[in-house]
Structure formats: C-alpha cells, structure tokens
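# Chain and residue survey
So you can see what is in the structure, the chains are spelled out below.
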Amino acid sequence: DGGITQSPKYLFRKEGQNVTLSCEQNLNHDAMYWYRQDPGQGLRLIYYSQIVNDFQKGDIAEGYSVSREKKESFPLTVTSAQKNPTAFYLCASIARDRANYGYTFGSGTRLTVV
Amino acid sequence: QKEVEQNSGPLSVPEGAIASLNCTYSDRVSQSFFWYRQYSGKSPELIMSIYSNGDKEDGRFTAQLNKASQYVSLLIRDSQPSDSATYLCAVLMFSGGYNKLIFGAGTRLAVHP
C-alpha cells in the first residue's frame, strides 16, 4: 500500500543533542512538507520541498534543517539551536499538480526533550 | 492578523444535533480550502475540500464557502460521540511558485450522549 512512513513514533532528545526524524513516501509525490504541532495548537510549517535538491523555509525554520536527496525521502534534523523542540512533528506530501486534493500525512513523531 | 483563524472551543453539542464550525482566512486569492479531523495523538485526516462558493455535501458533512467574506464553515449533522475531535481548517496558498497549506489552530468539538 502507498503511504507516508514517519519514524520513530516516539523520540527522546537530551539537551544539546541533534536528532533526525525520518519521512519516507512511496506515493511518487513531488512535494513534501514538515509541520510542527504544539498542544492545543494548529500545524506550523517548518520546511517544504517541491523537487529533489530544493527546499524552502517555512514560518518556523530556525533550529531545524532538512535535505531532499531523493524524491521519496525528506528527513528533518532538529538541532541543538532549537530551544523548545518538544512537540508533535508531522510530515506530509502531495503530487505537485494535485495540491487541490489536499495533503497526505504520516502518522507523526512525538519528540520530547529529557 | 493570523492567516487562518478558528474559534478554539471547546464546542459542546448533544448527540444528534448539528455542529457548526467556522473559519476565516486573510488571503483573498486563495482558491482551495480543506477541513481535517484530528483525534488526540493522531495525525490529521482530510474530511472535506471545497473550491467554489456555496455548499458541498458529503454524507453528514457540509462545507460552506463564501470567498467575498473570506469565510469557510463545516456543518456536521446528526453529531455522534465519535465525531468528538479537533477540526482543523486549512487554506492552500500559492506564493513564489510554491504551494503550501496553512492551518488554523483548530476547534475542539465534544459531542455528549
């Protein structure tokens, strides 16, 4: 079955540590997105990419980095510069010419600082 | 002004009643609008999309769009306890050659028996 796979489901980060969240899709979608969700809040856009080797900063990119070396993969690194990383992270994708149909979301990664 | 605004709720309705969820947006050129349902701890699930002024019905759900007023709403008829969730309004925005979906903060709906 086609879909988006995010891993791990739960992740614990120590202070000052970089961690990488995985997002893989087998839907042949061009565009991929990373969102962050804090309790009781909506989704805020971190980074997005419409083609391989190209990505754009969203509204809250500081303290995060991404890469898009393959169409299927869009990993997100939460760096030590992100001072409040505890949140629910969601990856989404869409075929670029089908944005009107809405995004498909992965199941999310819950990151906690310990 | 936030790009997409929703009343955070909670909106409490009795089982069988109509739940009405509202959303306003700031970008006048936006053409595509979505409603997602999100259960606690889960990822959002697309339930409705609407692109033209007027109503769009799908089962117990009706989306309404008024582009002149920059307003989109979701009606849930015959509300069930299983409808209890957070409902996210999202607007597709196009800028600099890129599409991006902007979300409201969500409205929490509680349907009580």
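In this report, the structure presented in the accompanying data block is examined. (Residues numbered from 1 in each chain as written. Chains lettered and ligands numbered in written order. Predicted model: local features only at pLDDT ≥ 70, side-chain atom pairs only at ≥ 80, totals over all residues. Heavy atoms only, no water.)

## Brief notes about the state of the cysteines
- Within this structure, the stated rule accounts for two disulfides over all chains.
- Here C23 of chain A engages in a disulfide with C91 of chain A; their sulfurs sit 1.9 Å apart. Measuring handedness by torsion sign, the sulfur bridge of C23 of chain A and C91 of chain A sits at about -75° and is left-handed. With a gap of 68 residues between them, C23 of chain A in strand β3 (residues 19-25) and C91 of chain A in strand β9 (residues 87-94) connect regions that are remote in the sequence.
- On the basis of relative accessibility, which here comes to 0%, the residue C23 of chain A falls in the buried class.
- One disulfide in the model links C23 of chain B with C89 of chain B; its S-S distance is 2.1 Å. Here C23 of chain B and C89 of chain B share a disulfide; its torsion about the S-S bond, -75°, makes the bridge left-handed. A residue pair is termed long-range when its members are at least 10 positions apart, and C23 of chain B in strand β3 (residues 19-25) and C89 of chain B in strand β9 (residues 85-95) qualify at 66 residues. (Disulfide = S-S within 2.5 Å. Helix = DSSP H or I, 4+ residues; strand = E, 2+ residues; numbered from the N terminus. Buried < 20%, exposed > 50% of the residue type's maximum accessible area, 1.4 Å probe, protein only.)

## Observations regarding the interface of chain B and chain A
- On the chain A side, the residues contacting the 21 residues of chain B number 25 residues.
- Between chain B and chain A, the buried area comes to about 1,800 Å², and carbon and sulfur atoms account for 53% of it.
- Scanning the region where chain B abuts chain A turns up zero salt bridges.
- At the boundary of chain B and chain A, one finds ten residue pairs in polar contact (both at pLDDT 80 or more).
- Listed by contribution, the elements that provide at least two residues to the side of chain B that touches chain A are β4 (32-38), β9 and β10 (98-103) of chain B.
- When grouped by side-chain class, the residues that make up the side of chain B that touches chain A number twelve nonpolar, seven polar and two charged. (Contact = heavy atoms within 4.5 Å. Buried area = accessible area lost by both parts, 1.4 Å probe. Salt bridge = Lys/Arg side-chain N within 4 Å of Asp/Glu carboxyl O. Polar contact = N/O pair within 3.5 Å; in protein donor to acceptor, adjacent residues only side chain to side chain. Nonpolar A, V, L, I, M, F, W, Y, C, P; charged D, E, K, R; others polar.)

## Here we look at the sheet that holds strand β8 (residues 71-76) of chain B
Residue and element names in this part refer to chain B.
- An order of β1-β3-β8-β7-β6 is seen for the five strands of this open sheet, with the pairing classed as antiparallel. In this open sheet, the two edge strands, each paired with only one partner strand, are β1 (4-6) and β6 (54-58). Across the sheet, the axes of successive neighbouring strands diverge by a mean angle of 20°, strand direction being ignored.
- Sheet topology places strand β7 (residues 61-66) next to β8; six bridges connect them, and they run antiparallel. If you follow Q64 over to β8, its bridge partner there is S73. (Pairing = 2+ DSSP bridges. Axes fitted to C-alpha atoms, helices over the stretch in contact; angles between N-to-C directions.)

## Brief notes about the pattern of salt bridges
- This structure, assessed with the given rule, holds six salt bridges over all chains.
- Its salt-bridge partner being R37 of chain B, residue E45 of chain B comes within 3.0 Å of it at the nearest N-O pair.
- With relative accessibility at 12%, the residue R37 of chain B sits in the buried group.
- Sharing partners across several salt bridges, the network here consists of R36, D38 and R44 of chain A.

## A few points about the environment of Y47 of chain A
Residue and element names in this part refer to chain A.
- Turning to its location among the elements, Y47 is positioned in strand β5 (residues 43-51).
- Measuring from C-alpha to C-alpha, the distance between Y47 and F74 comes to 9.8 Å, with 27 residues separating the pair along the chain.
- Setting aside residues up to four positions removed in sequence, Y47 forms contacts with M32, Y33, W34, F55, Q56, K57, G58, A61, Y64, S65, V66 and F74.

## Here we look at the packing of aromatic side chains
- Tallied over the full model, the rule gives twelve aromatic pairs over all chains.
- Arranged with centres 5.6 Å apart and planes meeting at 90°, the rings of F105 of chain A and Y36 of chain B form a pair that is edge-to-face. Placement of F105 of chain A in strand β10 (residues 104-105) and of Y36 of chain B in strand β4 is noted, with the two residues assigned to different chains. Neither F105 of chain A nor Y36 of chain B differs from the other in exposure class; each is buried.
- When the centroid spacing of 5.6 Å and the interplanar angle of 55° are considered together, the rings of Y36 of chain B and F103 of chain B count as tilted. Taken together, the residues span a long stretch of sequence, with Y36 of chain B in strand β4 and F103 of chain B in strand β10 at a distance of 67 residues. For the pair Y36 of chain B and F103 of chain B, a shared accessibility class is recorded, and that class is buried.
- In textbook terms, an aromatic cluster arises when at least three aromatic residues are bridged by ring pairs, as seen for Y33, Y48 and Y103 of chain A together with Y98 of chain B.
- Stacked on the ring of F88 of chain A, the Lys or Arg R110 of chain A has its end atom at 4.4 Å from the ring centre. (Phe/Tyr/Trp six-rings, centres within 6.5 Å; stacked < 30°, edge-to-face > 60°. Lys NZ or Arg CZ within 6 Å of the ring centre and 35° of its normal.)

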